[in-house]
Amino acid sequence: MSDHSLPGDARFFTRMGPFPASRLAEAADAEIVAGSAAPVDVLFRGVAPLQSATAQDISFLDNRRYLPLLGETRAGAVVLGQAFRDQIPPHAIGLVCKSPYLAWARVASLFHPVTPARPGIHPSAVVGADVSIAPDVEVGPFAVIGDRVVIGAGTAISAHAVIGDGVRIGERCRIGAHVAASHALIGHRVTLYSGARIGQDGFGFAVGPAGFESVPQLGRVVIEDDVEIGANATIDRGSMRDTVIGAGSRIDNLVQIGHNAQLGRCCIVVSQAGISGSTELGDYVTIAAQAGLIGHIKIGDKARIGAQCGVMSDVEAGADVIGSPAMPFREFFRNVAVLRKLARRPDKPSSEADKAAG
Amino acid sequence: MSDHSLPGDARFFTRMGPFPASRLAEAADAEIVAGSAAPVDVLFRGVAPLQSATAQDISFLDNRRYLPLLGETRAGAVVLGQAFRDQIPPHAIGLVCKSPYLAWARVASLFHPVTPARPGIHPSAVVGADVSIAPDVEVGPFAVIGDRVVIGAGTAISAHAVIGDGVRIGERCRIGAHVAASHALIGHRVTLYSGARIGQDGFGFAVGPAGFESVPQLGRVVIEDDVEIGANATIDRGSMRDTVIGAGSRIDNLVQIGHNAQLGRCCIVVSQAGISGSTELGDYVTIAAQAGLIGHIKIGDKARIGAQCGVMSDVEAGADVIGSPAMPFREFFRNVAVLRKLARRPDKPSSEADKAAG
Amino acid sequence: MSDHSLPGDARFFTRMGPFPASRLAEAADAEIVAGSAAPVDVLFRGVAPLQSATAQDISFLDNRRYLPLLGETRAGAVVLGQAFRDQIPPHAIGLVCKSPYLAWARVASLFHPVTPARPGIHPSAVVGADVSIAPDVEVGPFAVIGDRVVIGAGTAISAHAVIGDGVRIGERCRIGAHVAASHALIGHRVTLYSGARIGQDGFGFAVGPAGFESVPQLGRVVIEDDVEIGANATIDRGSMRDTVIGAGSRIDNLVQIGHNAQLGRCCIVVSQAGISGSTELGDYVTIAAQAGLIGHIKIGDKARIGAQCGVMSDVEAGADVIGSPAMPFREFFRNVAVLRKLARRPDKPSSEADKAAG
């Protein structure tokens, strides 16, 4: 296997191991089910897709669609669910578990762990007065750390990040290149990807006699523990209260979150979605890509907002909505079907429309 | 009150004052209407929402929805409109005015003014040849100022900004961290938020025998006075003429403005909206979030384009449009209602559709 | 002509020339058709629009809409197509060609060529170990080049770019200010505009007992030759395979491309569009502005996806789709027309809807 092969090209990823099946099973919280002809004492060297895995690789099956690949794979081990335990190839070891995708995440992390912070402040970094930076923090080239900044143990601040005066960052965070964060209180194990903008003024202004006048934005951004914020995403600080991103939430690239917005725990906001000012999300809310929510509304726990959805009013807990304006999934697709039917006959569209209109 | 309390956490905001009611009334251009039991000679220390304000705070009521909070507040003073002047609590002073939100902006700015530029060029900054930088300009760490750049008095260039050769920036501007600006003429009192990209090549190419060939983009970006451009917004320079952002306009985060686009005075473009090349906006046009305008169209003065609207043709002055394709607000919501009605009966959707189709 | 006049303001653009008509015709691959009163031996000094061109300028006509301007222009030469060859003004020289826009691109590039890289590594740049950087590469101020990075001849890395460990960049590339690129293999003649984010983790996580757990993203981003990526665009690296941007493709500002996405040759993705994970595009696919594609679908060669389109399933080669959900262009506009007809009568919308509903 070339050092440059996928996945885990050695130019870009660390690689641990090799590991015996028992160690992988432990990581995966899985039962070992050996195929009839499976060799003992294999040391596994890496992860790979079913198509390209070798006898020293461990692979993965989660989706029934890819079941045919299981029969053909040369992988030495496969992580899979109970439903597929009878289909483990003779030469392979099955790691049978309840949550194969989670198990896979853990096995892959065993081989390719996140690089730990490299303690030390790069000599080119500019660090302000009265900071409190834990001894094992990494601060990259050209990072700018303002006055009174607090940074917890194990955190890595990448090259070119700009951390404003007074910002607090917890332990084991990853702050990406070119991040700008100001007016922010950031919890533990938070990841901000490259180019994320945290804490700038919200979009607030009053109409004055000579044009718009900015309304001071006097709140903060509070990012709770275990949050990830995608590349080039923007999160404005609150005006009078805080903008809050609840613990465990995942925000994708290019998402916009307006001032005073409140996200509960474990919300998912997919790429290019936007949440306007003062809107509140419960826990476990999912906002799909390119959806937009107007301001001052409430989205209940576990609601799911479809891609490109335009949400103009409150959404109940557990609801699935899509469309612009938002409506229940079933209603949306019924509308689509009805309209298609009405418009179908291409030969005489206008007479059809006349009839339809009564 | 803790130094870390909201709004105006002292870690992040300067705080001026205290001020007597007369000073606040002057800033607000308001009449003082004292409640029957209001103490005299209070010195106000800050701003706060009605719910958390103390006797030393001034608060604000603009929206009738929050009227119940007025009866319960402990605020020592409240900015409000004429409509609420009879409901000022006995212990409070009312600052009664015509434009409460504008008055609020000014009162809050009195307590928490924008930090002025800190004159001086950081020793790490790289400054080109033949520049003209006013003596009181602030240039932050690692900023890169190209050759022949002109920067007016009172302007602050934040850390990591990159200002291209020949760019002109007026007086009292705020250029955020990680801004890149090239091929641009920037007026006075302009704010560019973190990560804004100004002046890169527009998206223009011709089809050549071996693929696309770029068409030189030979115009500039002209940003007139008092404009604000949001975080991570992108404004391409013109191809043969200029891209122009008219005086007083406010552009939100993640907005895209294509080459040769022309915005008039005091336009508002909300987050994630996009304006394609060569499209022209009049004055006081509002483009709501995630709306998209195709190229080469004209939007009349004071037109309002709704959220997620897709505008494919000219829009008249004063029109309100929404939907994709854009249509008048009333028509859009009538369409939504009609389609909902047609599709309603969930038991037998197809037969209904048949009937509807005639 | 002022040095500051448009197009080609000398503060921002280099200017070559003057050139005789023969040199321009050669660049344009055009036939010279001189007007009856056209002077000989003019040396042309620049390009300009028909409205403002002088006798020393060359201008351009591609669109019949602007034909009236041809009669009025004072331009000394005009690039135009065969259809307009009889309408060349008497005082002008026509450069008649098959592809006027392409010819224009080349003529304009002759006067205003892209500035070549200025060889040398700025003393402030931080360069890692074991790099291979061609001698004529330009590395700007504060650039950070990781370990083992390879950069080909003629490439320019702008100020503040951050190139991660192991990244390969080919020849004659332009890497803009504040670009972050990691886990990436970049071909020749690639342009990454300011703020583009290449190679960060895709949006992948599993549900664990205590919240979401990240799935290691072990692929790369492969950017083939002659690709351009717009300002603040984001391209995630693959999870198990690569994210691939095919040769010659043009990606506009603020576009999001998810992990494992595959773009063929010469695809066009316009501003603010999003392509979700594992979706595959053929060659010459066009995705218009703000369109969104869900994951795991296939778009055939030369398909065209309209602005704001929401694509939820495969699209055939050559198809033109628009709407959300996507449908053929004709169907979409028929739907719009039918619905408008149904909803029209504003006086009695509900009774109409009743009738329409049968």
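In the annotation of an unreviewed UniProt entry, chain A is listed under the name UDP-3-O-acylglucosamine N-acyltransferase and assigned to Brytella acorum. As its UniProt record puts it under Pathway (unreviewed entry), chain A is described as follows: "Bacterial outer membrane biogenesis; LPS lipid A biosynthesis."

### Remarks on the relation of the copies chain C and chain B
Laying chain C over chain B is done by rotating through 120° and shifting 0.0 Å along the axis; what remains is an RMSD of 0.0 Å. This pairing of chains is accounted for by a three-fold axis. Residue by residue, only 19% of the interface of chain C is reproduced at the interface of chain B, so the copies engage with different surfaces.

### Re the environment of Arg106 of chain A
With respect to the secondary-structure elements, Arg106 of chain A resides in helix 3 (residues 100-111). For the pair Arg106 of chain A and Ala288 of chain A, spaced 182 residues apart in the sequence, the C-alpha separation amounts to 26 Å. Side-chain polar atoms of Arg106 of chain A contact the side chain of Glu213 of chain C, separated by 2.5 Å.

### Description of unusual backbone geometry
With an omega of -20°, the peptide bond between Leu6 of chain C and Pro7 of chain C qualifies as cis. Relative to the helices and strands, Pro7 of chain C resides in the segment before strand 1 (19-20). The residue after Gly17 of chain C, namely Pro18 of chain C, is reached through a cis peptide bond having omega 5°. As for its position among the elements, Pro18 of chain C is in the segment before strand 1. At Asp226 of chain A, a residue that is not glycine, the phi angle is positive and equals roughly 65°. Residue position: Asp226 of chain A is located in the loop between strand 24 (221-223) and strand 25 (228-229).

### Things to note about the pairing of strand 5 (residues 57-60) of chain C
It is a general feature of regular strands that their side chains alternate between the two faces of the sheet. Residues and elements named next belong to chain C. With 2 bridges joining them, strand 4 (residues 46-47) and strand 5 adopt parallel strand pairing. Bridge pairing links Val47 to Ile58 in strand 5. Where strand 5 and strand 6 (residues 77-81) come together, 3 bridges link them in parallel fashion. Counterpart to Ile58 in the pairing with strand 6 is Ala77. What joins strand 5 to strand 6 is helix 2 (residues 67-72), and the crossover it makes is right-handed.

### What about the domain arrangement of chain A?
Domain annotation for chain A reports domain 1 (19-111) and domain 2 (120-330). Of note, the centres of domain 1 of chain A and domain 2 of chain A, computed from C-alpha atoms alone, are 37 Å apart.

### Considerations on the interface of chain C and chain B
Contacts between chain C and chain B engage 67 residues on the former and 74 residues on the latter. Of the roughly 5,300 Å² buried between chain C and chain B, counting both surfaces, carbon and sulfur atoms make up 62%. Ranking the residues of chain C by area buried against chain B places Arg11, Phe12 and Arg250 of chain C at the top, with a combined share of 12%. Along the contact surface separating chain C from chain B lie 3 salt bridges. Between Glu213 of chain B and Arg106 of chain C there is a salt bridge; the shortest N-O distance is 2.4 Å. Counting every contact that joins chain C to chain B gives 30 residue pairs in polar contact (both at pLDDT 80 or more). Looking at the side of chain C that touches chain B, the elements that each hand over two or more residues are helix 3 (100-111), strand 28 (250-251), strand 31 (268-269), helix 4 (329-343) and helix 5 (349-356) of chain C. Among the residues making up the side of chain C that touches chain B, the classes are represented as 38 nonpolar, 17 polar and 12 charged.

### A short note on the interface of chain A and chain C
Counting residues at the interface gives 66 residues for chain A and 75 residues for chain C. Both faces combined, the contact of chain A with chain C buries some 5,400 Å², and carbon together with sulfur accounts for 62% of it. Three residues stand out in chain A for area buried against chain C, namely Arg11, Phe12 and Arg250 of chain A, and they jointly supply 12% of the buried area on that side. Linking chain A with chain C are 3 salt bridges, by the criterion used here. With a closest N to O distance of 2.8 Å, Glu331 of chain C and Arg340 of chain A form a salt bridge. Here chain A is connected to chain C by 30 residue pairs in polar contact (both at pLDDT 80 or more). For the side of chain A that touches chain C, the secondary structure elements donating two or more residues are helix 3, strand 28 (250-251), strand 31 (268-269), helix 4 (329-343) and helix 5 (349-356) of chain A.

Criteria and cut-off values
- Residues numbered from 1 in each chain as written.
- Chains lettered and ligands numbered in written order.
- Predicted model: local features only at pLDDT ≥ 70, side-chain atom pairs only at ≥ 80, totals over all residues.
- Heavy atoms only, no water.
- UniProt positions renumbered as here; feature names shortened; annotations may be inferred.
- Least-squares fit on C-alpha atoms with pLDDT ≥ 70 in both.
- Contact = heavy atoms within 4.5 Å.
- Helix = DSSP H or I, 4+ residues; strand = E, 2+ residues; numbered from the N terminus.
- Polar contact = N/O pair within 3.5 Å; in protein donor to acceptor, adjacent residues only side chain to side chain.
- Pairing = 2+ DSSP bridges.
- Right-handed = clockwise from strand over helix to strand, strands pointing away.
- Domains from an automatic or database assignment.
- Buried area = accessible area lost by both parts, 1.4 Å probe.
- Salt bridge = Lys/Arg side-chain N within 4 Å of Asp/Glu carboxyl O.
- Nonpolar A, V, L, I, M, F, W, Y, C, P; charged D, E, K, R; others polar.

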